[in-house]
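# Structural features, examined
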Number of protein chains: 2
Amino acid sequence: VEVGDKAREGEPGRRAEMIFSGDELLRGDILNTNQSYLGERLLDLGIFATHALCVTDDLAAMVTAMRESLARRPVVLVLSGGLGPTEDDLTREAVAEALGRPLEHHEDLLGQIRSRFASRGFTWSDTNRKQALIPRGASVIPLKGTAPGFWIQQGDTLVVALPGVPWELKEMWEGAVEPLLRAGADKEDAADAAGGAGSPAGAAGASTAGPAGQSVRRIRTFGVGESTLAEMLSEFDWRGEDATIGTRAALDGVTVILRGAATPDGARKLDAIQERVLAMLGERVFGVGTEGLSEVTGEALRKAGLTVAVAESCTGGLLGKRLTDVPGSSDYFLGGVTAYDNLVKIDVLDVPAGLLAQYGAVSEETAAAMAEGVCRLLHSDCALSTTGIAGPDGGSEEKPVGLVYVGNVARGVTEVERLRLFGSRDQIRERAAYAALDLLRRRLLR
Amino acid sequence: VEVGDKAREGEPGRRAEMIFSGDELLRGDILNTNQSYLGERLLDLGIFATHALCVTDDLAAMVTAMRESLARRPVVLVLSGGLGPTEDDLTREAVAEALGRPLEHHEDLLGQIRSRFASRGFTWSDTNRKQALIPRGASVIPLKGTAPGFWIQQGDTLVVALPGVPWELKEMWEGAVEPLLRAGADKEDAADAAGGAGSPAGAAGASTAGPAGQSVRRIRTFGVGESTLAEMLSEFDWRGEDATIGTRAALDGVTVILRGAATPDGARKLDAIQERVLAMLGERVFGVGTEGLSEVTGEALRKAGLTVAVAESCTGGLLGKRLTDVPGSSDYFLGGVTAYDNLVKIDVLDVPAGLLAQYGAVSEETAAAMAEGVCRLLHSDCALSTTGIAGPDGGSEEKPVGLVYVGNVARGVTEVERLRLFGSRDQIRERAAYAALDLLRRRLLR
């Protein structure tokens, strides 16, 4: 959801395009996570992607796609995939043809690739030699895995070719391409300030190019719906501000994203807006930045010097999994009991059989007794519990699918929240686990 | 990985293209799951997607993209998104312009949309009226949510416009579009057989169009690497067979995908190939179809009338989560203990402190003691355990990151497997959980 004026998101002229090669994307074998990663990183640089194409591993189709893209003169054209050693890997050849630059063999690069193969115990085959071919005039991006990347300034457009393997792409993007784009835009700003005609280096070229980047603030919230949040935010009049405000919903909450100019003045404006949003949302905000609920709640436990244990029913282990997603969580997470069967609730967690009979497994009373039980059993300072109906079956009129109780023991006090969750079985379980983490987080704040 | 001849995957001429509208895809706010869904469903119909484009919500850009795609004459062009009521929703207008067909108001459709709004308690606004506009000559696809879809045969190409909301897209695709594509191809096959010139209906047009669909077999394996598997499969000579064989790797194993003609003869050929693959892979195959390890292992427990419990260390609850991903898993899953802290291993799971001191928490001995301990505590028939180093820190030369032991108790016998896993913390934990499920599955087979 976007609140405010979309056009302000990317400066005019600061447009990017992406071309992904790999039939596995078109066959639906894998999701294109590179596209969402690059889209977001580009936006943080003030560059908005207008086209992202997955094209079949066919030389003519790839060349046509590259030419069509270059004709639209984006400041950057990112190519991903097709840099491996197989005959389906055609990005090098396609760039050479689309840009009219012959491929040149780089002996030093070949040596590096060979030693990468050797150090990983992979067998060397001479078909890998083609990975050392780079279009004339291109700069090689240092190897991360065994596929080299490269970049070329072609007219207005910085053409960047990166491997399709996500971690290799990320390391090359952040290590080599972003500095290039920032440097290019900085030079251009300087040239603009001096009345110059723009710099040929980096991402420069288009005279309308904007600042080197954007200031971005990510305000993380939990427990407010995206439409409610968008409505609350729309009550402010942002039009006077040189900033945009948007929201992004996920199972672990809604993120409010503020973007403004990467200038001291822009930062001050974002500070002011951020302050208003934080005041409006109060304890619904669990952080500003990229840390999730598991990290934030874990950090709160660590700071307070408290340990935690979990007693899970409907989440089946997911709550413990979420807590232990964080490296080093053994500092505060002791463990837990998954009591899927009622006998485990009674035998291991000491939930009174009479209480279960009277209120049922999905009840405020059971959630409280589970949390208290695991606290005693594992000698933890705090505890969380979940019990609910994840579906798709097992619901009734009185206790429908999506009814979940999350319990919390902290500082000697037990509290339970009743949730009415929606979505698939998986979504209900994810939301329940996050809701439990958030309950503890808010408790530790007080 | 594709073994054999790629060209055979889609019949020549049976090509599709997709165009997705929605800046949220380009900003990286959401992953394009519609693309992978459609890519796979199309392939099952014998249609290979060559282009999938995400384009910004801009009328001119969308029209250009549609025209470029239509010029390549795919049998089907799927458009997704941009059918809502906001001013960013431009797919109707773009189709009208690209195809030269004016938009027409459908009063009956407007009535349906209004009543959908009413029944969901949404406020009606007159901006929603534009959702009842459909290009002249198009057929409306019945409403699932509140955005109507439509289809038009334009020359060689069936143009289909579907909402961007994944569940609405899926229901319309399976309910309306697939029958249309199958019917079109059937008619064409009949026309071909009669020496005719092909049918104008449905997906017809290109004289090279193939059968209405493909036979597809998905052979699910665990415990063999994708490259090893591809090498094993390449030893067969598939060239005589009218079929393709490919592999798809995921954390829960590698799937071998066989595709052949949707004819009795094609099915017999696939049967023969499948038999050879099953014989070659033996107990590495956990199923044929779409059921995952959690379902298959659960079903084996259910059939054997056995219950299971889990004792987790490095997976932190994930193994229990995987088992309970399956609705109805309470029939065989009792629960578990997550013993992240060594004191929990000792106090709750009864792992001898001396054993822990002698062998360490990450050891064959501890994995065995954990599984046996949870079996006794929860009175389960079987048990699984995990203990390992998920990283990124905590590894040593002797016990590196990725070293994981999975333990199993079944039918009174304890066994432990030592794994050397690779990847991120998350990948190591996922692989460890699946390896534990697979250990139990194989044990129950014997």
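Above this text is the structure in question.
Residues numbered from 1 in each chain as written. Chains lettered and ligands numbered in written order. Predicted model: local features only at pLDDT ≥ 70, side-chain atom pairs only at ≥ 80, totals over all residues. Heavy atoms only, no water.

Along its length, chain A carries 14 helices and 18 strands. Expressed as a percentage of its 446 residues, the buried residues of chain A come to 57%. Within chain A, residue pairs in contact and separated by at least 24 positions form 68% of the contacts whose partners lie at least 6 positions apart. When the accessible area of chain A is evaluated, it comes to approximately 17,200 Å², of which 51% is carbon and sulfur surface. (Helix = DSSP H or I, 4+ residues; strand = E, 2+ residues; numbered from the N terminus. Buried < 20%, exposed > 50% of the residue type's maximum accessible area, 1.4 Å probe, protein only. Contact = heavy atoms within 4.5 Å. Areas by Shrake-Rupley, 256 points an atom, 1.4 Å probe, with all protein chains shown as cover.)

So, about the packing of aromatic side chains. Tallied over the entire structure, the rule returns two aromatic pairs over all chains. Each ring, one from Phe333(A) and one from Tyr340(B), has its centre 5.4 Å from the other, and the planes form 65°; the classification is edge-to-face. Remark: Tyr340(B) occurs in the loop between strand E15 (333-339) and helix H11 (342-347) and Phe333(A) occurs in strand E15 (residues 333-339); the pair is interchain, linking two chains. Each member of the pair, Phe333(A) as well as Tyr340(B), carries the same accessibility label: buried. (Phe/Tyr/Trp six-rings, centres within 6.5 Å; stacked < 30°, edge-to-face > 60°.)

Let us look at unusual backbone geometry. Here the amide bond leading from Gly391(A) into Pro392(A) is cis, since omega sits at 0°, within 30 degrees of zero. Residue placement: Pro392(A) occurs in the loop between strand E16 (382-388) and strand E17 (403-410).

Residue and element names in this part refer to chain A. Most of strand E4 (residues 76-80) sits out of view: five of its five residues are buried. Neither face of E4 is exposed, since Val76, Val78 and Ser80 on one face and Leu77 and Leu79 on the opposite face are all buried. Bridge count between strand E2 (residues 15-21) and E4: five bridges; the pairing is parallel. The partner of isoleucine 19 across the bridge, within E4, is leucine 79. Sheet topology note: the E4/strand E9 (residues 157-162) ladder contains five bridges and is parallel. Paired with leucine 77 across the strands is valine 159, a residue of E9. (Pairing = 2+ DSSP bridges.)

Another point: the relation of the copies chain B and chain A. The two copies are related by a screw motion: chain B maps onto chain A through a turn of 179° and a shift of 0.5 Å along the axis, at an RMSD of 0.7 Å. The operation mapping one copy onto its partner corresponds to a two-fold rotation axis. (Least-squares fit on C-alpha atoms with pLDDT ≥ 70 in both.)

Turning next to the interface of chain B and chain A. The interface of chain B with chain A comprises 65 residues on the first partner and 65 residues on the second. Contact between chain B and chain A buries roughly 5,100 Å² in total, counting both sides, with carbon and sulfur atoms accounting for 53%. Where chain B meets chain A, there are six salt bridges. With a closest N to O distance of 3.1 Å, Asp426(A) and Lys321(B) form a salt bridge. There are 30 residue pairs in polar contact (both at pLDDT 80 or more) connecting chain B and chain A. Of all the elements, strand E3 (residues 48-55) of chain B adds the most residues to the side of chain B that touches chain A, at eight residues. Within the side of chain B that touches chain A, the residues separate by chemical class into 26 nonpolar, 20 polar and 19 charged. Here five bridges tie E15(A) to E15(B), and the two strands are oriented antiparallel to one another. Each residue of the ladder has a partner; that of Gly335(A), found in E15(B), is Ala339(B). (Buried area = accessible area lost by both parts, 1.4 Å probe. Salt bridge = Lys/Arg side-chain N within 4 Å of Asp/Glu carboxyl O. Polar contact = N/O pair within 3.5 Å; in protein donor to acceptor, adjacent residues only side chain to side chain. Nonpolar A, V, L, I, M, F, W, Y, C, P; charged D, E, K, R; others polar.)

Bringing the nonpolar core into the picture now. Within the largest apolar cluster, 60 residues are counted, with the highest numbers of intra-cluster contacts made by Leu79(A), Met66(B) and Leu79(B). Those residues in contact with Leu79(A) that lie beyond four places of it in its chain are Ile19(A), Met66(A), Thr91(A), Val95(A), Val159(A), Val160(A), Ala161(A) and Leu162(A). Listed in part, the 52 residues of the second largest apolar core include Val76(A), Trp173(A), Met18(B) and Leu162(B). (Core = buried A, V, L, I, M, F, W, Y, C linked by side-chain atoms within 4.5 Å.)

This part covers the packing of helix H9 (residues 293-304) of chain B against helix H14 (residues 425-445) of chain B. Residues and elements named next belong to chain B. Closest axis-to-axis distance for the H9/H14 pair is 9 Å, and the angle between their directions is 35°. For the pair H9 and H14, the crossing hand works out as left-handed. Contact with H9, carried on its side by Leu293, Ser294, Val296, Thr297, Ala300 and Leu301, involves Tyr434, Leu437, Asp438, Leu440, Arg441 and Leu444 of H14 and no other residues of that element. (Axes fitted to C-alpha atoms, helices over the stretch in contact; angles between N-to-C directions. Left-handed = near helix turned anticlockwise from the far one by under 90°.)

In this section: the side chain of Ser313(A). Residues and elements named next belong to chain A. Position of serine 313 among the secondary structure elements: in the loop between strand E14 (308-312) and helix H10 (318-323). At a separation of 3.3 Å, a polar atom in the side chain of serine 313 contacts the side chain of lysine 345. Each residue touching serine 313, except ones within four places of it in the same chain, is listed here: Ala339, Tyr340, Lys345, Met370, Thr386 and Thr387.

Bringing helix H3 (residues 59-71) of chain A into the picture now. The first and last C-alpha atoms of H3(A) sit 18 Å apart over 13 residues, in line with the 18 Å expected at 1.5 Å per residue. Capping of H3(A) at its N-terminal end is provided by Asp58(A); its side-chain oxygen lies 3.3 Å from the backbone amide nitrogen of Ala60(A). (Expected span 1.5 Å × (residues − 1).)

Looking now at the environment of His106(A). Residue and element names in this part refer to chain A. Along the chain, histidine 106 turns up in the loop between strand E5 (103-105) and helix H5 (107-119). Along the chain, histidine 106 and valine 254 lie 148 residues apart, while their C-alpha atoms are 48 Å from each other. Contacts of histidine 106, omitting those with residues within four sequence positions, involve Ala132, Ile134 and Val140.

Further remarks concern H5(A). Residue and element names in this part refer to chain A. Its 13 residues give H5 an end-to-end C-alpha distance of 19 Å, which sits within 8% of 18 Å, the value for a rise of 1.5 Å per residue. Those residues of H5 lying buried are Leu109, Leu110, Ile113 and Phe117. What you see down the axis of H5 is that its buried residues fit within an arc of 100°, all on one side. Facing away from the buried side of H5 by over 90 degrees, the exposed positions are Glu107, Asp108, Ala118 and Ser119. Buried residues in H5 make contact with E5, strand E6 (133-135) and strand E7 (139-141). (Arc of directions from axis to C-beta.)

What follows covers the environment of Arg14(A). Mapping Arg14(A) onto the fold places it in the loop between strand E1 (2-3) and E2. Separated by 423 residues in the primary sequence, Arg14(A) and Leu437(A) have C-alpha atoms spaced 40 Å apart.

Bringing the sheet that holds strand E8 (residues 149-154) of chain B into the picture now. Ordered in space as E7(A)-E8(A)-E9(A)-E4(A)-E2(A)-E3(A)-E3(B)-E2(B)-E4(B)-E9(B)-E8(B)-E7(B), the twelve strands form an open sheet in which the pairing is mixed. Each of the sheet's edge strands pairs with one partner strand only, and the pair in question is E7 of chain A together with strand E7 (139-141) of chain B. Sheet twist, expressed as the mean angle between neighbouring strand axes with direction ignored, is 15°. Lying over the sheet, helix H4 (residues 91-99) of chain A contacts E2, E4, strand E8 (149-154) and E9 of chain A, oriented at roughly 10° with respect to E8(A). The sheet strands contacting helix H2 (residues 33-44) of chain B are strand E3 (48-55) of chain A together with strand E2 (15-21), E3 and strand E4 (76-80) of chain B, and the helix crosses E2(B) at an angle near 165°.

Here the focus is the pattern of salt bridges. Here the structure, examined in full by the defined rule, presents 56 salt bridges over all chains. In this structure, Asp325(B) and Arg429(A) form a salt bridge, with 2.8 Å as the shortest nitrogen-oxygen distance. Pair noted here: Asp325(B) is in the loop between helix H10 (318-323) and E15 and Arg429(A) is in helix H14 (residues 425-445), and the two residues belong to different chains. A relative accessible area of 1% means that Arg429(A) is categorised as buried. Arg259(B) is paired through a salt bridge with Asp44(B); the nearest N and O atoms lie 2.7 Å apart. Of this pair, Arg259(B) sits in strand E12 (residues 253-261) while Asp44(B) sits in helix H2, and the two are 215 residues apart along the sequence. For the residue pair Arg259(B) and Asp44(B), the accessibility class agrees, reading buried in each case. Because the salt bridges share partners, they merge into one network encompassing Arg27(A), Asp29(A), Glu40(B), Asp44(B), Arg218(B), Arg248(B) and Arg259(B).

Overall, mixed pairing links the ten strands, which are arranged E18(A)-E17(A)-E16(A)-E14(A)-E15(A)-E15(B)-E14(B)-E16(B)-E17(B)-E18(B) in an open sheet. Where the open sheet ends on each side, the last strands, each with one partner, are strand E18 (413-420) of chain A together with strand E18 (413-420) of chain B. Here the strands of the sheet are splayed against their neighbours by 15° on average, with no regard to which way each runs. Pairing between E14(A) and E16(A): five bridges, direction parallel. Bridge assignment links Ala309(A) to a residue of E16(A), and that residue is Ala383(A). Here helix H13 (residues 364-378) of chain A sits on the sheet in contact with E14, E15, E16, E17 and E18 of chain A, set at roughly 145° to E16(A).

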